[in-house]
Amino acid sequence: MPELPEVETIRRGLKKYIVGKRIADIEIRLAKIFQGNSQDIIGAEFVDIRRYGKGLVMDLDNGYSLTAHVKMTGQFVYKETEGAKETKEAKAKNFHPKLGLPLELPDKHTHVIFYFRPTTSDLRPILYYNDIRKFGWLKVVQAKAVHELPFFKNLGPEPFADLTLPLFEKILQASSMPVKPLLMDQKKISGVGNIYANDALFLAKIDPRRPAKRLHETEVHTLYQAVLEVLQKGIEYGGASETNYITVEGGKGSYQDHFLVYGKTGKICPRDGTMIQRIVQGGRSTFYCSACQT
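S.K.: Any chance you could explain helix H4 (residues 165-173) here in plain terms?
M.R.: Since there are 3.6 residues in each turn of an α-helix, residues three or four apart along the chain are aligned in direction. Among the residues of H4, those classed as buried are Phe-168, Ile-171 and Leu-172. When H4 is viewed along its axis, its buried side chains cluster within an angular range of 95° and face the same direction. Opposite its buried face, H4 presents the exposed residues Pro-166 and Lys-170, each directed more than 90 degrees away. Those residues of H4 that are buried lie in contact with helix H5 (179-184) and helix H7 (217-236).

Rendered as structure tokens:
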């Protein structure tokens, strides 16, 4: 599932391409993906794109917002095509053969299409929402009601925003959960998922099975900095495209080329030569070095 760096990369792409564009029409191909009345935002212009944890809020100039969560396999893909309708020639011009996009968009995994008013006489901007697993959602709500939605209302503090070191320490000291599942609890800390929790704990040299409240003060401080560091690197690399995640342009992130320990079962720890192990915590894979993570 895309985590903070991936969703932040999507946010930046959407801000670059759709802010200032006005919605001409919306084609909803799968009703359960799109909630709310599309007529409330047709004709409106995007003015800002915000992110809260793994969720997106796209604000429009008429007092409404389009909120979204891409879940496991959701993708926003922007492109510009020739004319009011896509032709095979236009699709071919916009296809990225090395970046994993389908040969043509829309395809069977495209569930919502946003058509924008043309920016020139020749180009028609279009935003596709694709989702193989169909777990993601888009919801139209009044902007003032965004934080009343259960997803946004229940989010914990976020790194780089309101998750201060004292608050981070308080969260850990209040829980006897193993520290790795705690880092991934979106009601405790928002935005951190499996990839970055694994890498942060490796960077901090902390065993993922240790009860959070048992960490010493210096370990808490080290882990806090490690969380920020791996998330920042994830953003710098455009996220991790280990499965279905792609950028708004249709490209891939490259953090997967810089994993510290995530997904490296059987590989050698660069610190001490010990083999990386895999265990399961809360139904999710955990990767760690038993020698240097104590």
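S.K.: Looking at this structure, how should I read the sheet that holds strand E4 (residues 55-60)?
M.R.: Two pairing modes exist for strands in a sheet, parallel and antiparallel, and in both the strands are linked by backbone hydrogen bonds. With respect to topology, five strands assemble into an open sheet ordered E2-E9-E5-E4-E3, the strand pairing being mixed. Of all strands in the sheet, those bounded by a partner on one side alone are strand E2 (34-35) and strand E3 (46-52). With six bridges connecting them, strand E5 (residues 64-69) and strand E9 (residues 137-142) associate as antiparallel partners. By the bridge assignment, Leu-66 is partnered in E9 with Val-140. In the packing of helix H1 (residues 4-18) onto the sheet, the strands contacted are E3 and E4, and the crossing angle to E3 comes to about 175°.

S.K.: Can you walk me through the environment of Phe-151 in this structure?
M.R.: Along the chain, Phe-151 turns up in helix H3 (residues 150-153). Residue Phe-151 is classed as partly exposed on the basis of its relative accessible area of 23%. Taking C-alpha positions, Phe-151 is 32 Å from His-216, a pair spaced 65 residues apart along the chain. Ignoring sequence-local partners within four residues, the contact set of Phe-151 consists of Tyr-52, Lys-54, Gly-55, His-69 and Trp-137.

What counts and what doesn't
Residues numbered from 1 in each chain as written. Predicted model: local features only at pLDDT ≥ 70, side-chain atom pairs only at ≥ 80, totals over all residues. Heavy atoms only, no water. Buried < 20%, exposed > 50% of the residue type's maximum accessible area, 1.4 Å probe, protein only. Helix = DSSP H or I, 4+ residues; strand = E, 2+ residues; numbered from the N terminus. Arc of directions from axis to C-beta. Contact = heavy atoms within 4.5 Å. Pairing = 2+ DSSP bridges. Axes fitted to C-alpha atoms, helices over the stretch in contact; angles between N-to-C directions.

Worth remembering: the numbers are spatial, not functional.
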